[in-house]
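# Analysis of the macromolecular model
Listed below, chain by chain, are the residues.
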Amino acid sequence: MSGDAPEKNKEVYVQDAESLAPAPVLGGGLHRQLKNRHIAMISIGGVIGTGLFVGTGGSLANGGPVGLFLGYLTMGTIVFSVMISLGEMVAFLPIPGGHIKLAERFINRAFSFAMGWNYWYNWTIVAELSAAAILVNYWHPNVSDAVWVVICIVVVLTINMLGAGAYGEAEFIFASIKVLTITGLIILGIILDLGGGPDHDRIGFRYWKNPGPFVQYDGIAGAKGRFLGWWAVLSQAAFSFIGTEIVAIAAGEAKNPRRNLPRAIRRVYIRILLFYIGGTFIIGLLVPSNNPSLVLESGTAASPFVIAMQNAGIKVLPSIINACLLSSAWSAASSDLYTSSRALYGLAVSGNAPKIFLKTTKSGLPIISVLFCASFTLLAFMAVSSGAGNVFEWFSNMTAVTGLMTWFGISVTYLRFYKGLQVQGIDRTSLPYYTRLAAFRSLFNGWSVFLKGKWNTTTFVTSYLPFILAPILFGGAYLYYGKPPVMASEMDFESDLAQIAAEEVEDPPPRNKMEAFWQWLM
C-alpha cells in the first residue's frame, strides 16, 4: 500500500539544515529541466525496450510460452518491490546521483563507491546499439552492421549533447511511440490469435500443446529441464526490466520531484502488468517456441511480433512495426548514455570519481561525463565481426547481472533507510511517498556454461565478471576510506531538503477537461 503525505506533515522536514559539504561543481551544476510528462514517459521508457521487442524471442525458445510468462511474472514482482522501495527514498531526497548518493548517506562511502561504479558499468554497455543492427538487418541483411551502429551512435549522442530538456522531449516522443506500438501489438495479437488475420487461422492455445507449454532446456528431460528453461528466462527478463530505476537518476534534474516522482512510481505496476506480462502472454500464443527465427545467434533474428505477422500473411505491417521497434532501440540507447553520464557525475559529486567529471555547461550538461561515456559506444562495433545477435546477447548478459546487483544495492540501502527512520522516530506517512513493502532479492545468470558440453568462455566472462568486480570494488574502497557503516541514529535526513523545497513550484491548474485528463494520465 502506498499514499501521499498528509498536508499538515509536508513541511516537517523542510527546514534549514547544515548540509554535508559537497564536492565543488565545475560549472553551474545540473539544472531541473525535466517536466512531469518527461518523468512519466522516462519511467515508461525504462520499462519498454529491446528486451521486450527482441530479447523475448530467445526467452520463448528457452522456456516455452508458459516458462516465458512465468519468468516475466516472477521478475515483474521483484521489480515492483524494488521500485516502491526506491520511490520512497528518492521522492524524499531527489538529489543528483540518485540511489548512488543515497547509499553513501545511509550505508557508507565504500558501498556507494562499489554500487556507483557497478551502475555506471551497467549503463555504459549499450546493448541497444547491437539490437538496432538486428532490427535493421530485417530489411538489409547484406549491409554491414557498422553502418547501422554509426547511425545509431550519431542519433544518441546528438540527443544527449542537447541537454536534459532535449533528452526529456526525445524520450517523451520515443516512449509515446513505444506505448502506442506495444498496445497496438497486443490488440493485434489477440485478433490474430482469434483468427482475424488474412489467413483466418484461429491459433488459440495451439502452441501451448505443440511444441508444448515448456521447453526441455538443452534436451534435459523431466522437471529439471523445464525448471532450467524457466530459470533461463529470468536473466533475459531482468535485462528487459532493468531501467525502471532511471527515475532515481533523473530525480536530480526533475522539476517538482516530490510530486512528480510518486506519480510515476505509483503507476509502475500498471505498466508491468499491461506491457510486459500482457505482451509475453500474447507472444506465447502467436509464435511456436521452436521457430528458428527466434534464435539470436543467427544474427538476423526478428522480433516475435514481426514473426507472428509474417506467419499470418500480413505483408506491409511488419516493416512498419520494425521501424517502431527501431525507434525503441534508439530510445533505450539514448537512456543508456543519459543514465551512465549522470551516474558518473553522481560518483564525482561523492568524490568517488575524478572531479573533471563535475564540469557542466551553463545549461547544466555534464559534458565531460557525456563524452567519456559516449566513447564506450564504440564497443558496439564488435557486432561487425561477431554478429549483432551474439553481441546483443553478450551485452544483455552483462547488463542483466549488473542490473540485478544494482537492485540488490537499492534494497540494502532501503533497509538501512527504513531502520534509520525507525530509530530516529520519523513517521514514514509524512514522507512524500511511502510503502509498507520492502525488497531484498538477487538472482544469478550465465549458469548454462556449467552444463556438460556447454562451456563458453565469453558467456562466463560477461555473466560473472560483475560478481568478481563488485566485492573487489567494495573491499578496496572500504580499506581506503576506513569508515564503517553509518549508525542508524546518525543518519542524515535533513541535508538538501531546504533547497529541494525552495525549488518546488506550483503546477498551473487545468483549464479544461482535456488538460485535466492529460494531467491525470501523466
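So, here is what we can say about the structure in this document. (Residues numbered from 1 in each chain as written. Predicted model: local features only at pLDDT ≥ 70, side-chain atom pairs only at ≥ 80, totals over all residues. Heavy atoms only, no water.)

On to a nonpolar patch on the surface. Judged by side-chain polarity, Y269, I270, L273 and L274 come together as a nonpolar surface patch covering roughly 370 Å² of accessible area. Residue position: Y269 is located in helix 12 (residues 268-286). By relative accessible area, Y269 is classed as partly exposed at 40%. (Patch = residues over 30% accessible without salt bridge, like charges linked within 9 Å, V, L, I, M, F, W, Y side chains within 5 Å. Areas by Shrake-Rupley, 256 points an atom, 1.4 Å probe, with all protein chains shown as cover. Salt bridge = Lys/Arg side-chain N within 4 Å of Asp/Glu carboxyl O. Helix = DSSP H or I, 4+ residues; strand = E, 2+ residues; numbered from the N terminus. Buried < 20%, exposed > 50% of the residue type's maximum accessible area, 1.4 Å probe, protein only.)

What follows covers the packing of aromatic side chains. Across all of its chains, the model carries 25 aromatic pairs by this definition. For the ring pair F417 and F493, a centre distance of 5.7 Å and an interplane angle of 55 degrees mean the geometry is tilted. Of this pair, F417 sits in helix 17 (residues 388-423) while F493 sits in the loop between helix 18 (457-481) and helix 19 (497-502); the two residues are 76 residues apart in sequence, bridging distant segments of the chain. As far as burial versus exposure is concerned, F417 and F493 are alike and both buried. Connected via pairs of aromatic rings, a cluster forms that spans F92, F106, Y414, F417, Y418 and F493. In this structure, R206 packs its charged tip against the face of Y207, placed 6.0 Å from the ring centre. (Phe/Tyr/Trp six-rings, centres within 6.5 Å; stacked < 30°, edge-to-face > 60°. Lys NZ or Arg CZ within 6 Å of the ring centre and 35° of its normal.)

Topologically, K362 is positioned in the loop between helix 14 (317-349) and helix 15 (367-374). With a relative accessible area of 82%, K362 lands in the exposed category. Separated by 331 residues in the primary sequence, K362 and H31 have C-alpha atoms spaced 9.2 Å apart.

On to helix 7 (residues 164-193). Over its 30 residues, helix 7 extends 42 Å from the first C-alpha to the last, a length consistent with the 44 Å expected when each residue adds 1.5 Å. The first or second residue beyond helix 7 is G195, which carries a positive phi of 90 degrees. (Expected span 1.5 Å × (residues − 1).)

Under the counting rule described, the total for this entry stands at 4 salt bridges. Close ionic contact of R428 with E88 constitutes a salt bridge, the shortest N to O distance being 2.9 Å. Residue R428 is located in the loop between helix 17 and strand 2 (433-435), and its partner E88 is located in helix 2 (residues 50-92); the two are separated by 340 residues in the primary sequence. For E104, the salt bridge identified is with K101, shortest N-O distance 3.2 Å. A residue pair is termed a helical-turn pair when its members lie 3 or 4 positions apart in one helix, as E104 and K101 do in helix 3 (residues 99-106) at 3 residues. Of the residues examined, E104 reaches a relative accessible area of 23% and is grouped as partly exposed.

Turning our attention to the packing of helix 7 against helix 14. A pair of packed helices is characterised by two quantities: the angle between their axes and the separation of those axes. One way to put it is that helix 7 packs onto helix 14 with a least axis distance of 9 Å and a crossing angle of 140 degrees. Handedness of the crossing formed by helix 7 with helix 14: left-handed. Contacts between helix 7 and helix 14 involve A164, Y167, E171, F174, I177, K178, T181, L185 and L188 from the former and L317, I321, C324, L325, S327, S328, W330, S331, S334, S335, Y338 and R342 from the latter. Across the contact of helix 7 with helix 14, the residue classes break down as 12 nonpolar, 6 polar and 3 charged. (Axes fitted to C-alpha atoms, helices over the stretch in contact; angles between N-to-C directions. Left-handed = near helix turned anticlockwise from the far one by under 90°. Contact = heavy atoms within 4.5 Å. Nonpolar A, V, L, I, M, F, W, Y, C, P; charged D, E, K, R; others polar.)

In terms of nonpolar packing, the biggest core is built from 133 residues, with M75, W407 and F417 touching the most fellow members. Per element, the largest residue contribution to this core is 17 residues, and it comes from helix 2. Aside from chain neighbours lying at most four places away, what touches W407 is M75, I78, V79, V82, A238, F241, I242 and E245. (Core = buried A, V, L, I, M, F, W, Y, C linked by side-chain atoms within 4.5 Å.)

Before going further, it helps to spend a moment on the side chain of R105. If you trace the backbone, R105 turns up in helix 3. There is a polar contact of 3.2 Å between the side chain of R105 and the backbone oxygen of S495. Apart from residues no more than four positions distant in its own chain, R105 is found in contact with L93, V486, M491, D492, S495 and D496. (Polar contact = N/O pair within 3.5 Å; in protein donor to acceptor, adjacent residues only side chain to side chain.)

Positionally, S331 belongs in helix 14. Of note is the side chain of S331, whose polar atom sits 3.1 Å from the side chain of K178. If near-sequence neighbours (up to four positions away) are discounted, S331 is found in contact with E171, F174 and K178.

This part covers unusual backbone geometry. With the exception of glycine, the majority of residues adopt a negative phi angle, and the majority of peptide bonds are in the trans configuration. Going from N210 to P211, the amide bond is cis rather than trans, its omega being 15 degrees. Checked against the element boundaries, P211 lands in the loop between helix 8 (206-209) and helix 9 (222-241). At H200, a position not held by glycine, the phi torsion is positive, near 55 degrees. Note that H200 resides in the loop between helix 7 and helix 8. Relative accessible area serves as the criterion here: at 61%, H200 is assigned to the exposed category.

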